[in-house]
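# Chains, contacts and geometry: an overview
Here's the letter readout for the chains.
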Amino acid sequence: MKVMTLAALLMQMTSAGGAGSEGKRAANALDLTGTPHQGAVKEEISSLKGEITSLKEQFRLARERQRLAAEEKQRQEEARYGVTPKATPAPAAGGSGAPAHAR
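Thresholds, definitions, all that
Residues numbered from 1 in each chain as written. Predicted model: local features only at pLDDT ≥ 70, side-chain atom pairs only at ≥ 80, totals over all residues. Heavy atoms only, no water. Helix = DSSP H or I, 4+ residues; strand = E, 2+ residues; numbered from the N terminus. Buried < 20%, exposed > 50% of the residue type's maximum accessible area, 1.4 Å probe, protein only. Contact = heavy atoms within 4.5 Å. pLDDT = per-residue confidence, 0-100. Expected span 1.5 Å × (residues − 1).

### Some details on the overall build of the protein chain
Along the backbone of the protein chain there are three helices and zero strands. Secondary structure of the protein chain in N-to-C order comes out as α-α-α. By the burial criterion, 8% of the 103 residues in the protein chain qualify as buried. A fraction of 60% describes how many contacts in the protein chain between residues 6 or more apart in sequence connect residues 24 or more apart.

### Side note on the confidence of the model for the protein chain
Of all residues in the protein chain, 57% have pLDDT values of 70 or greater, and the mean over the chain is 74. Element-level mean pLDDT values for the protein chain span from 53 in helix α2 (residues 22–28) up to 93 in helix α3 (residues 40–81).

### Looking at α3
Between its terminal C-alpha atoms α3 stretches 61 Å, which fits the 62 Å expected from 42 residues at 1.5 Å a residue. Taken together, the buried positions of α3 are Ala40, Leu48, Ile52 and Leu55. On the buried face of α3, the contacting elements are α1 (2–15). Phi turns positive one or two residues past the end of α3, at Gly82, with a value near 70°.

Here's what the structure looks like:
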């Protein structure tokens, strides 16, 4: 969650022009009478929340595509070399893993 928040904040800063855009953003928060908008901060926060949600969805989709690509690659490798998936070995009859004959 923190990584996504940081990414959204970084995107917001870079799209806004970085540190040099503070005057521009402050000017946008003023109406024609020169008084600050009461909801400017709330609008910025809701905008950031929307970006975070969007980034989360993009990240989830990218992770799913990566997983599917890895599965497809595995299937192609198995088909190419005729390898079947490894089966888990059956447990020994001894049960505890100790040797059957003790001294």
